[in-house]
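Report on the structure
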Amino acid sequence: DVKVTQSSRYLVKRTGEKVFLECVQDMDHENMFWYRQDPGLGLRLIYFSYDVKMKEKGDIPEGYSVSREKKERFSLILESASTNQTSMYLCASRLQGRDTQYFGPGTRLTVL
Amino acid sequence: GENVEQHPSTLSVQEGDSAVIKCTYSDSASNYFPWYKQELGKRPQLIIDIRSNVGEKKDQRIAVTLNKTAKHFSLHITETQPEDSAVYFCAASFRSNYQLIWGAGTKLIIKP
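Residues numbered from 1 in each chain as written. Chains lettered and ligands numbered in written order. Predicted model: local features only at pLDDT ≥ 70, side-chain atom pairs only at ≥ 80, totals over all residues. Heavy atoms only, no water.

**Observations regarding the environment of Glu17 of chain A**
Residues and elements named next belong to chain A. Put simply, the rule reads: Strands are runs of DSSP state E lasting at least two residues, helices are runs of H or I lasting at least four, and both sets are numbered from the N terminus onward. Exposed residues in this analysis have more than 50% of their type's maximum accessible area, buried residues have under 20%, and partly exposed residues fall in between, with area computed by a 1.4 Å probe over protein chains only. We call two residues contacting when some pair of their heavy atoms lies within 4.5 Å. N or O atoms closer than or at 3.5 Å make up a polar contact, with two conditions inside protein: a donor-capable atom paired with an acceptor-capable one, and, for residues adjacent in sequence, both atoms drawn from side chains.
Along the chain, Glu17 turns up in the loop between strand S2 (10-13) and strand S3 (19-25). By relative accessible area, Glu17 is classed as partly exposed at 31%. Taking the C-alpha atoms as reference points, Glu17 and Met32, separated by 15 residues in sequence, lie 25 Å from one another. Once residues within four sequence positions are removed from consideration, Glu17 is found in contact with Leu78, Glu79, Ser80 and Ala81. One polar contact links the side chain of Glu17 to the main-chain amide nitrogen of Arg14, over a distance of 2.6 Å.

**Points about the side chain of Gln6 of chain B**
All names here are of chain B. Position of Gln6 relative to the elements: it lies in strand S1 (residues 4-7). On the accessibility criterion, Gln6 (8% relative accessible area) is buried. A polar contact of 3.3 Å, which involves the side chain of Gln6, links it to the backbone nitrogen of Cys90. A distance of 3.0 Å separates a polar atom in the side chain of Gln6 from the backbone nitrogen of Gly105. Leaving out residues up to four positions away in the same chain, Gln6 has contacts with Ile21, Lys22, Cys23, Trp35, Tyr88, Phe89, Cys90, Gly103, Ala104, Gly105 and Thr106.

**So, the pairing of S1 of chain B**
All names here are of chain B. Put simply, the test is: Strand pairing is assigned whenever DSSP detects at least two bridges linking the two strands.
Side-chain alternation along S1 places Val4 and Gln6 on a buried face and Glu5 and His7 on a face that remains uncovered. When S1 meets strand S3 (residues 19-25), the two strands line up antiparallel, connected through four bridges. From the neighbouring strand, His7 faces S3, where its bridge partner is Lys22.

**A few points about the packing of aromatic side chains**
Selection criterion: Think of it this way: a Phe, Tyr or Trp ring, Trp meaning its six-membered ring, pairs with another when their centres are within 6.5 Å, and the plane angle makes it stacked under 30 degrees, edge-to-face over 60, tilted otherwise.
In total, this model carries 13 aromatic pairs over all chains according to the counting rule given. Seen in terms of ring centroids, Phe103 of chain A and Trp102 of chain B are 5.9 Å apart; in terms of plane orientation they differ by 75°. Their pairing is edge-to-face. In this pair, Phe103 of chain A is assigned in strand S10 (residues 102-103) and Trp102 of chain B in strand S10 (residues 99-102), connecting two distinct chains. Using a relative accessible area of 7% as the deciding quantity, one classes Trp102 of chain B as buried. A ring pair is formed by Phe89 of chain B and Trp102 of chain B, whose centres lie 6.5 Å apart and whose planes are at 85°; its orientation type is edge-to-face. Placement of Phe89 of chain B in strand S9 (residues 86-94) and of Trp102 of chain B in strand S10 is noted, with a sequence separation of 13 residues between them. In this structure Phe89 of chain B comes out as buried when scored by relative accessible area, which is 2%. An aromatic cluster of at least three residues, connected via ring pairs, comprises Phe33, Tyr35, Phe48 and Phe103 of chain A together with Tyr36, Phe89 and Trp102 of chain B.

**Observations concerning the pattern of salt bridges**
Our working definition: Criterion for a salt bridge: a side-chain nitrogen of Lys or Arg within 4 Å of a carboxyl oxygen of Asp or Glu.
One pass over the full model with this rule turns up 11 salt bridges over all chains. A salt bridge links Lys71 of chain A to Glu30 of chain A; the nearest nitrogen and oxygen atoms lie 3.7 Å apart. Residue Lys71 of chain A is located in the loop between strand S7 (64-70) and strand S8 (73-78), and its partner Glu30 of chain A is located in the loop between S3 and strand S4 (31-38); the two are separated by 41 residues in the primary sequence. Using a relative accessible area of 22% as the deciding quantity, one classes Lys71 of chain A as partly exposed. Residue Glu30 of chain A is classed as buried on the basis of its relative accessible area, which comes to 18%. Glu39 of chain B serves as the salt-bridge partner of Lys37 of chain B, at 3.8 Å between the closest nitrogen and oxygen. Glu39 of chain B sits in the partly exposed class, given a relative accessible area of 33%. Salt bridges linked by common partners bring Asp28, Glu30 and Lys71 of chain A together as one network.

Just geometry here; none of it tells us what the structure is for.
If you want it as structure tokens, here you go:
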């Protein structure tokens with residue numbers, strides 16, 4: 001079974017803090033994704049990476065950056081957290097050329 | 001921009017009845033349409049998908065239909081059971097299948 005893990009299930013940070021969210025997958029998937037999930041808005045793509053050191057902006061990249069130094073790990077960085085970044089963050093991975101995305105359990109981030 | 005509209009946002013059905021969720025997409029080049037189920041507190045998981053060269057696909061009690069001309073696709077669940085209660089997301093492929101555009105989600109409630 002594909003396993004996608006995220007570093008924290010719940011996280012509380014203060015406005016202005018730098019926040020790191022980490023995602024690790026154990027199935028050698030090339031593609032990895034970061035989404036945020038908000039009620040009534042579905043899943044919105046923040047960034048994705050189609051391979052190591054490759055990244056592309058999604059629909060809502062403002063205020064976020066990413067890092068993919070190793071194939072199994074994809075990090076989402078909030079350089080200076082703001083209250084409007086309070087959300088559920090979901091990571092996903094996918095084998096190149098396949099369709100199914102496998103999701104992590106999510107990190108519920110609260111920015112105070 | 002490209003988008004996927006999903007209706008209804010909430011659907012309440014009696015146990016044993018059928019449920020239908022509909023999605024409309026805007027990108028005529030979309031060729032892959034998955035449905036994901038997210039149970040409360042859990043990660044989204046793929047339950048069924050369809051490609052644009054197929055009009056219908058079934059898997060036990062769930063089925064998906066696609067109307068390419070009208071650019072809409074639907075999820076059908078028959079003989080609903082309590083374990084079908086969840087949020088269901090539709091999506092459509094966008095830009096060489098690296099990305100999916102997601103619907104806003106439908107909360108399905110199964111009444112005993």
